[in-house]
Amino acid sequence: GENVEQHPSTLSVQEGDSAVIKCTYSDSASNYFPWYKQELGKRPQLIIDIRSNVGEKKDQRIAVTLNKTAKHFSLHITETQPEDSAVYFCAASNDYKLSFGAGTTVTVRA
Amino acid sequence: NAGVTQTPKFQVLKTGQSMTLQCAQDMNHNSMYWYRQDPGMGLRLIYYSASEGTTDKGEVPNGYNVSRLNKREFSLRLESAAPSQTSVYFCASTQVAGAYNEQFFGPGTRLTVL
């Protein structure tokens, strides 16, 4: 089955700086890569996703890049704000199922 | 629309007790999922139902059973709870599995097994 590894496990950034989270996947057939944000005590919510036929996608301050050859994808958050503090999960899918990374706890310092 | 709802929100069980976690969605989604979330391990798939009338095992199915009662409802049953099943359980749904569709999550059930 698919194996998704996510790094780093924790990330502390100064408000206004950028944050980058990286994930690798094992199954070359995976074709859909969503990112979920989970605030403390809340449910995971989709923030951005990318399909395998696209190399990069942006939505305001967040962007995702995909390198199919290397089987890795990354989340970039620019101009971080206190409300960006949360746990972020990457995931990969090639069928009915999503395989999630272990998560990155992002803390934005004021 | 309520989206995906789960009951109960919290539950404490003793080892060996049984219980059923309930999940319902009002988005007319075809596919539903049960995950467990443990610290440092992300979300792991227990069982899923790609469409009404079908269920399949996920990554960690041992100790669990599921029922897709109808298109709206998907329940998860623990027949004989063990401390290793202490976790937060999330139900999710999506329009059509495998078609780049967003999974919508319920609020979660926090289960403690003593």
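Quick note: structure is the one above.
Here goes a summary of the coordinates provided. (Residues numbered from 1 in each chain as written. Chains lettered and ligands numbered in written order. Predicted model: local features only at pLDDT ≥ 70, side-chain atom pairs only at ≥ 80, totals over all residues. Heavy atoms only, no water.)

### Things to note about the overall build of chain A
Helix and strand counts for chain A come out as zero helices and 11 strands. Mapped in sequence order, the helices and strands of chain A form the string β-β-β-β-β-β-β-β-β-β-β. Rg of the C-alpha trace for chain A: 13 Å, near the compact-globule value of 13 Å for 110 residues, within the 12% margin. Each of the three principal axes of chain A carries a C-alpha extent, and together these read 40 × 25 × 20 Å. With 110 residues in all, chain A has 42% of them scored as buried. Taking the contacts inside chain A whose residues are at least 6 apart along the sequence as the reference set, 52% of them involve residues at least 24 apart. Carbon and sulfur atoms provide 45% of the accessible area of chain A, an area that totals close to 5600 Å². With 12 positive and 13 negative side-chain charges, chain A shows a spacing of 3 Å between the two charge centroids. (Helix = DSSP H or I, 4+ residues; strand = E, 2+ residues; numbered from the N terminus. Rg over C-alpha atoms; globule rule 2.2 N^0.38 Å. Buried < 20%, exposed > 50% of the residue type's maximum accessible area, 1.4 Å probe, protein only. Contact = heavy atoms within 4.5 Å. Areas by Shrake-Rupley, 256 points an atom, 1.4 Å probe, with all protein chains shown as cover. Lys, Arg positive; Asp, Glu negative; His and termini not counted. Charge placed at Lys NZ, Arg CZ, Asp CG, Glu CD.)

### Regarding the sheet that holds strand E7 (residues 64–68) of chain B
All names here are of chain B. Taken in spatial order, the four strands line up as E1-E3-E8-E7 in an open sheet, and their pairing is antiparallel. Only two strands of the sheet have a single neighbouring strand rather than two, namely strand E1 (4–7) and E7. Across the sheet, the mean angle separating the axes of adjacent strands is 20° when strand polarity is ignored. As defined by bridge partners, E7 adjoins strand E8 (residues 74–78) across five bridges and the pair is classed as antiparallel. Counted as the bridge partner of Arg-68 is Phe-74 from E8. (Pairing = 2+ DSSP bridges. Axes fitted to C-alpha atoms, helices over the stretch in contact; angles between N-to-C directions.)

### Some details on the state of the cysteines
All names here are of chain A. Scanning the entire structure with this criterion turns up two disulfides over all chains. One disulfide bridge connects Cys-23 with Cys-90, the sulfur atoms lying 2.0 Å from each other. One disulfide, between Cys-23 and Cys-90, carries an S-S torsion of -100° and so falls in the left-handed class. Separated by 67 residues along the polypeptide, Cys-23 in strand E3 (residues 19–25) and Cys-90 in strand E9 (residues 86–92) bring together distant segments of the chain. (Disulfide = S-S within 2.5 Å.)

### As for the environment of Ser12(A)
Residues and elements named next belong to chain A. In this structure, Ser-12 sits in strand E2 (residues 10–14). Considering only alpha carbons, one finds Ser-12 and Arg-43, 31 residues apart in sequence, at a separation of 22 Å. The contact partners of Ser-12, leaving out residues within four places of it in the chain, are Thr-107 and Arg-109. One polar contact links Ser-12 to Arg-109, side chain to side chain, over a distance of 2.7 Å. (Polar contact = N/O pair within 3.5 Å; in protein donor to acceptor, adjacent residues only side chain to side chain.)

### Considerations on the interface of chain A and chain B
Across the contact, 18 residues belong to chain A and 21 residues belong to chain B. Between chain A and chain B, the buried area comes to about 1700 Å², and carbon and sulfur atoms account for 60% of it. At the junction of chain A and chain B, the tally comes to zero salt bridges. The interface formed by chain A and chain B includes three residue pairs in polar contact (both at pLDDT 80 or more). (Buried area = accessible area lost by both parts, 1.4 Å probe. Salt bridge = Lys/Arg side-chain N within 4 Å of Asp/Glu carboxyl O.)

### A short note on the nonpolar core
Within the largest apolar cluster, 23 residues are counted, with the highest numbers of intra-cluster contacts made by Ile21(A), Tyr25(A), Phe33(A), Trp35(A), Phe73(A), Leu75(A) and Tyr88(A). In contact with Leu75(A), not counting residues within four places along its chain, are Ala19(A), Val20(A), Ile21(A), Trp35(A), Ile47(A), Ile48(A), Ala63(A) and Tyr88(A). Listed in part, the 20 residues of the second largest apolar core include Val66(B), Leu76(B), Leu78(B) and Ala81(B). (Core = buried A, V, L, I, M, F, W, Y, C linked by side-chain atoms within 4.5 Å.)

### Digging into the pairing of strand E8 (residues 72–77) of chain A
Residue and element names in this part refer to chain A. Note that E3 and E8 share six bridges and pair antiparallel. Looking across to E8, one finds that Ala-19 is bridged to Ile-77. Of the strand pairs in this sheet, strand E7 (residues 62–67) and E8 are connected by six bridges, and their pairing is antiparallel. Residue pairing for E8: Ala-63 is matched across the bridge by His-76. Between E7 and E8, which pair antiparallel one after the other, the connecting turn spans four residues, and Lys-71 there sits at a positive phi close to 55°.

### So, the sheet that holds E3(A)
Residue and element names in this part refer to chain A. Spatially, five strands are ordered E1-E3-E8-E7-E6 in an open sheet, and the strand pairing comes out antiparallel. Sheet topology places strand E1 (4–7) and strand E6 (56–59) at the edges, where each strand pairs with a single neighbour. Here the average twist between neighbouring strands, direction ignored, is 15°.

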